[in-house]
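The primary structure of each chain is shown beneath.
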Amino acid sequence: MSDIATTTMASPVGPITLGAAPEEGLVFVGLGAHGAERSAAGSVLEEARRQLIAYFAGELREFTLPLAPRGTPFQRRVWEEVARVPYGTTATYGDIARRLGHPGSGRAVGAAVGRNPTAIVVPCHRVVGAGGRLTGYAGGLERKRFLLAHERRRGNGRAPRSP
């Protein structure tokens, strides 16, 4: 595994730590500060910072970053499906399970979503429980509420809904 360069940036949801592997892409987006920076340089980290700033300014709805998250094949499939949930909308864990062809595996999907290493960029905050219930979020439910409200304000002004 390549060395991972990291940097931390300020955001409306608190510090965000970005990690990237050279020639691979963004490995993680962590909510909170995660130790000492190993390198603030690197085009992937700079681009991730730029896109996150634009997202919080309401100028960006879809991230276009090379991603290299570490996970099992099932987790990576879940994260790829979560990345397809459109800005300003939500999907349930069951919705994601059905899209993957595994109806009834909502709990396994929930576990994979909970291990998403690229928060915000892979918008796991858009995944909710049955009936639209806000369920666990690695960054805390207050951050999840903030992100959903942010997208609602910057989107069409309506409450998020399942596609």
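Data block above holds the structure.
The following refers to the structure shown. Bear in mind that the values here come from a model prediction, so they are computed numbers and not experimental data.

Focus: the overall build of the chain
Check the secondary structure of the chain and you find five helices and five strands. For the chain, the sequential pattern of α-helices and β-strands runs β-β-β-α-α-β-α-α-β-α. By the burial criterion, 47% of the 163 residues in the chain qualify as buried. Considering only contacts within the chain whose residues lie at least 6 apart along the sequence, 57% involve residues at least 24 apart. Accessible surface, the chain as shown: approximately 8100 Å² in total, 52% of it carbon and sulfur.

Details of the sheet that holds strand 3 (residues 25-31)
Spatial ordering of the open sheet is given by 1-2-3, a layout of three strands whose pairing is antiparallel. Each of the sheet's edge strands pairs with one partner strand only, and the pair in question is strand 1 (5-9) and strand 3. Within the sheet, the average angular offset between the axes of one strand and its neighbour, ignoring direction, is 20°. Where helix 1 (residues 43-56) meets the sheet, it contacts strand 1, strand 2 (16-21) and strand 3, and its direction lies at approximately 145° from that of strand 2.

A word on unusual backbone geometry
Phi is positive for glutamate 23, close to 60°, though the residue is something other than glycine. Mapped onto the elements of the fold, glutamate 23 is located in the loop between strand 2 and strand 3. Its identity as a non-glycine residue notwithstanding, isoleucine 120 has a phi of 70°, on the positive side. You can see isoleucine 120 is positioned in the loop between helix 4 (106-114) and strand 5 (127-128). A residue is classified by how much of its surface remains accessible, and isoleucine 120, at 1% relative accessible area, is buried.

Notes on the pattern of salt bridges
A full pass over the atoms with the stated rule returns six salt bridges. For arginine 50, the salt bridge identified is with glutamate 47, shortest N-O distance 2.5 Å. Highlighted residues: arginine 50 and glutamate 47, both in helix 1, separated by three residues, approximately one helical turn. For arginine 50, a relative accessible area of 47% corresponds to the partly exposed category. In this structure, aspartate 95 engages arginine 98 in a salt bridge whose closest nitrogen and oxygen atoms are separated by 2.7 Å.

What about the environment of phenylalanine 63?
Inspection of the secondary structure assignment puts phenylalanine 63 in the loop between helix 1 and helix 2 (73-82). As a C-alpha pair, phenylalanine 63 and glutamine 51 span 12 residues in sequence and 6.8 Å in three-dimensional space. Discounting chain neighbours no more than four positions away, the residues touching phenylalanine 63 are Gln51, Leu52, Tyr55, Ile120 and Val121.

The rules behind these values
- Residues numbered from 1 in each chain as written.
- Predicted model: local features only at pLDDT ≥ 70, side-chain atom pairs only at ≥ 80, totals over all residues.
- Heavy atoms only, no water.
- Helix = DSSP H or I, 4+ residues; strand = E, 2+ residues; numbered from the N terminus.
- Buried < 20%, exposed > 50% of the residue type's maximum accessible area, 1.4 Å probe, protein only.
- Contact = heavy atoms within 4.5 Å.
- Areas by Shrake-Rupley, 256 points an atom, 1.4 Å probe, with all protein chains shown as cover.
- Pairing = 2+ DSSP bridges.
- Axes fitted to C-alpha atoms, helices over the stretch in contact; angles between N-to-C directions.
- Salt bridge = Lys/Arg side-chain N within 4 Å of Asp/Glu carboxyl O.

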